[in-house]
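# Commentary on secondary and tertiary structure
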Amino acid sequence: MKLSFLFLCATISIAYGELHDGRFTVPLDHFRPQDGRTVDFNYRTNIQYYQDDGPLFFYINDAGHFTTEWIERGLIKDLAMEFGGALFTTDFRFFRNNLPTPTASLANLQFLTVDQAIADIAVFITTAREHVSSDGGKAFVFGTGIGGSLAVLARQKYPHLIDAAWSSNGVFLPSVFTTDVYNTVADNIREVGSTECGERVTRAFQQIEDLIATGNDQTLVDEFGICRPFNISSRMDVAMFSEGIVEQISSQFERFHHSGLTSFCESMSVIPADPMRSLGRWIRFNFNVDVGTCQNYDYEGRIRLTSDTQWNNPGTSSGLRQFLYLQCTQMGNLRTNTNGGMFGRRITEEYRQRLCMDSFGDGYDFDELYKTVEIMKMAHGGQNPRVSRVFYTNGYLDQWLSTGITYTYHEDAHVVNVPGYSRWSDLTSLNTLDSIVLYNAKTSVVSAFRRWNSD
Ligand SMILES: *[C@@H]1O[C@H](CO)[C@@H](O)[C@H](O)[C@H]1NC(C)=O
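These numbers come from a predicted model, not from an experiment. (Residues numbered from 1 in each chain as written. Predicted model: local features only at pLDDT ≥ 70, side-chain atom pairs only at ≥ 80, totals over all residues.)

### Quick look at the overall build of the chain
Looking only at helices and strands, the chain features 15 helices and 10 strands. Relative to its length of 455 residues, the chain is compact, with a C-alpha radius of gyration of 22 Å against a globular reference of 23 Å. Overall, the chain is about 70 × 50 × 40 Å in size when its C-alpha atoms are taken along their principal axes. The 455 residues of the chain split such that 49% are buried. Contacts in the chain between residues far apart in sequence, at least 24 positions, make up 70% of those at least 6 positions apart. (Helix = DSSP H or I, 4+ residues; strand = E, 2+ residues; numbered from the N terminus. Rg over C-alpha atoms; globule rule 2.2 N^0.38 Å. Buried ≥ 20, exposed ≤ 12 C-beta atoms within 10 Å, placed from the backbone. Contact = placed C-beta atoms within 7 Å.)

### Focus on helix α13 (residues 349-360)
In a regular helix each residue adds 1.5 Å, so 12 residues correspond to 16 Å; α13 covers 17 Å between its end C-alpha atoms and thus fits that length. When we look at burial in α13, the residues that qualify are Y351, R352, L355, C356, S359 and F360. On an axial view of α13, the arc spanned by its buried residues comes to 140°, and they lie on one face. Tucked into the core, α13 has its buried residues touching β7 (175-178), α8 (235-268), α10 (299-306), α12 (320-331) and β8 (332-335). (Expected span 1.5 Å × (residues − 1). Arc of directions from axis to C-beta.)

### Quick word on the nonpolar core
Counting 129 residues, the largest nonpolar core has F58, V141 and A165 as the members making the most contacts within it. Split by domain, the residues of this core number at least three in each of domain 1 (10-173 + 382-454) and domain 2 (176-371). Other than its neighbours up to four places away in sequence, A165 contacts V141, F142, A151, V152, R155, V387 and V390. (Core = buried A, V, L, I, M, F, W, Y, C linked by C-beta atoms within 7 Å. Domains from an automatic or database assignment.)

### Topic: the sheet that holds strand β6 (residues 164-168)
Strand order across the open sheet formed by eight strands is β1-β2-β4-β3-β5-β6-β9-β10, with mixed pairing between neighbours. At either margin of the open sheet sits one strand with a lone partner, and together these are β1 (19-27) and β10 (413-418). Here the average twist between neighbouring strands, direction ignored, is 20°. Pairing between strand β9 (residues 390-395) and β10: six bridges, direction parallel. Note on β10: the bridge partner recorded for N394 is N417. Strand contacts of helix α2 (residues 75-83): β3 (56-60), β4 (86-90) and β5 (139-144), with the helix running at about 145° to β4, the strand carrying the most contacts. The sheet contacts of helix α15 (residues 436-454) involve β5, β6, β9 and β10, and relative to β10 the element is tilted by about 160°. (Pairing = 2+ DSSP bridges. Axes fitted to C-alpha atoms, helices over the stretch in contact; angles between N-to-C directions.)

### So, the packing of helix α6 (residues 195-214) against helix α9 (residues 275-286)
Contact geometry of α6 with α9 gives a least axis separation of 7 Å together with a crossing angle of 95°. Regarding the angle of α6 to α9, the classification is roughly perpendicular. Within the contact between the two elements, α6 uses R200, R203, A204, Q207 and I208 and α9 uses P275, M276, S278 and L279. Along the lines of polarity and charge, the residues of the contact of α6 with α9 split into five nonpolar, two polar and two charged. (Parallel < 35°, antiparallel > 145°, perpendicular 65-115°, else oblique. Nonpolar A, V, L, I, M, F, W, Y, C, P; charged D, E, K, R; others polar.)

### Here we look at unusual backbone geometry
Among all residues except glycine, the phi angle is most often negative; among peptide bonds, the trans geometry is most common. R228 connects to P229 through a cis peptide bond whose omega is 0°. Tracing the backbone through its elements, the reader meets P229 in the loop between α7 (217-224) and α8. Here D53, not a glycine, exhibits a phi torsion of approximately 60°, which is positive. Positionally, D53 belongs in the loop between β2 (38-46) and β3. Note on D53: 14 C-beta atoms within 10 Å, which makes it partly exposed.

### What to know about the domain arrangement of the chain
A common way to state how big an interface is: give the accessible area lost once the parts meet. In terms of domain boundaries, the chain breaks down into domain 1 (10-173 + 382-454) and domain 2 (176-371). Between domain 1 and domain 2, the C-alpha centre-to-centre distance is 29 Å. With 26 residues of domain 1 in contact, the opposing surface of domain 2 contributes 30 residues. Among the residues making up the side of domain 1 that touches domain 2, the classes are represented as 15 nonpolar, 10 polar and one charged.

### Structural notes on the packing of α6 against α8
Look at α6 against α8: their axes get within 13 Å of each other, and the N-to-C directions meet at 160°. Looking at the two axes, α6 sits roughly antiparallel to α8. The handedness of the crossing between α6 and α8 comes out as right-handed. Judged by residue contacts, C197, R200, V201 and I212 of α6 engage V238, C265 and M268 from α8. Here the contact of α6 with α8 is composed, by residue class, of six nonpolar, no polar and one charged. (Left-handed = near helix turned anticlockwise from the far one by under 90°.)

### Focus on the pairing of β4
Where burial is concerned, most of β4 is hidden: five out of the five residues are buried. Residues A86, F88 and T90 of β4 are buried on one face, and the alternating residues L87 and T89, pointing to the opposite face, are buried as well. Taken together, the four bridges between β2 and β4 define a ladder with antiparallel strand orientation. Bridging from a neighbouring strand, Y43 pairs with T90 of β4. With five bridges joining them, β3 and β4 adopt parallel strand pairing. Note that in β4 the partner of L56 across the bridge is A86.

### Some remarks on α8
Over its 34 residues, α8 runs only 26 Å from end to end, short of the ideal 50 Å by more than 12%, given 1.5 Å per residue. Roughly 135° is the biggest bend found in α8, and it falls at F256. (Bend = angle between axes of the 7 residues up to and from the residue.)

### Re the environment of Y59
In this structure, Y59 sits in strand β3. Expressed as a C-alpha distance, the spacing of Y59 and E69, which sit 10 residues apart in the sequence, is 9.5 Å. Dropping the residues within four chain positions of it, Y59 is found in contact with W70, I71, L87, T89, F142 and G143.

Here it is in structure tokens:
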């Protein structure tokens, strides 16, 4: 199944070589002192460079996207080598092997909140410090995407435990719906690609619209390698299809940055008279449709995945249901394109709302989201969290840029924006092949950590 947007790479390497496993115990509910239930969570650590009272670095995973990569290599691992530091990471509660409840029922998911996750980080840091018997070593947190946001929010809430934070393309501004995200993708295509490229994509989506109007599903299925069942008369299937195409386009920018965008725009002009066929050809080539897989846009099938409450089934082991729960109850930022524009107008508020309601069923109230989004903003400050000793880097090709922190006047808070790259790029080691802006961004991050470590 190709459509698990944020979870394509949710794999884990065996703990071998320098990695060690550990466990820490957290309350199931951090905010009800008389609820005595606790759960054990797993973490992974790299202590091969550790020297007494060296700094402790914590990579905060993006929700549902577990990786140990950034405690094994990259810019912060290089810092750990330099300082005699230890590196740690853990998965989010309710994802992968940190499952605190017997099922993922709606009632059990009540313990999956941003604030519970931040409180887990505090316990994690305290436990990790005990495990390496560290008294004086500084504690630093870093992450990307939601991991970046949580790193900053953890420092905001627990400054006595966390000395500094680095957010690479964090997401900070919650809203119920947002059209900004897909507009950012469209702007990148027009401005970093070309005006003609933007026009071709716009035209391709108009051609798709014509097929939908005439109910010509066979052409759509063939061109885009769609799996059956696919119901072209269903607004929900069509919305999922539109979303899938936009996500496939932006995922290439995320993986290949500027060159992903350039090669996409080159592909869009391969069949000049027929942008839709150019787009279809690009999708089939890049997402392996030509070698026999297909793209699943069956809404009912998707709902079966996201409403499954048993662990170890595809909808829960991929984290799809849990991530949707976070979006539908607290984080929002449900991406729509109802204002028209490059990608048509099919990814509607109705579609987003129904995904939430059909997945969580009776007992779930979409309207509560309007309130919780406001509370999130109030409690954490949105794009102005007023946190000091923090670094924000932003790859300017990231589709979530509009929700990030791209300027700050706060004391000892720093922003570096990196054109030509999406997220992840600045987590890697300094490399002379990096563009000058990327190299400088990484150097600034390293300098800040050096200063914070010696303060
Ligand atoms: C396709 O969707 C339409 C509109 O929702 C619905 O009326 C129709 O029954 C669906 N067809 C199939 C085969 O599911």
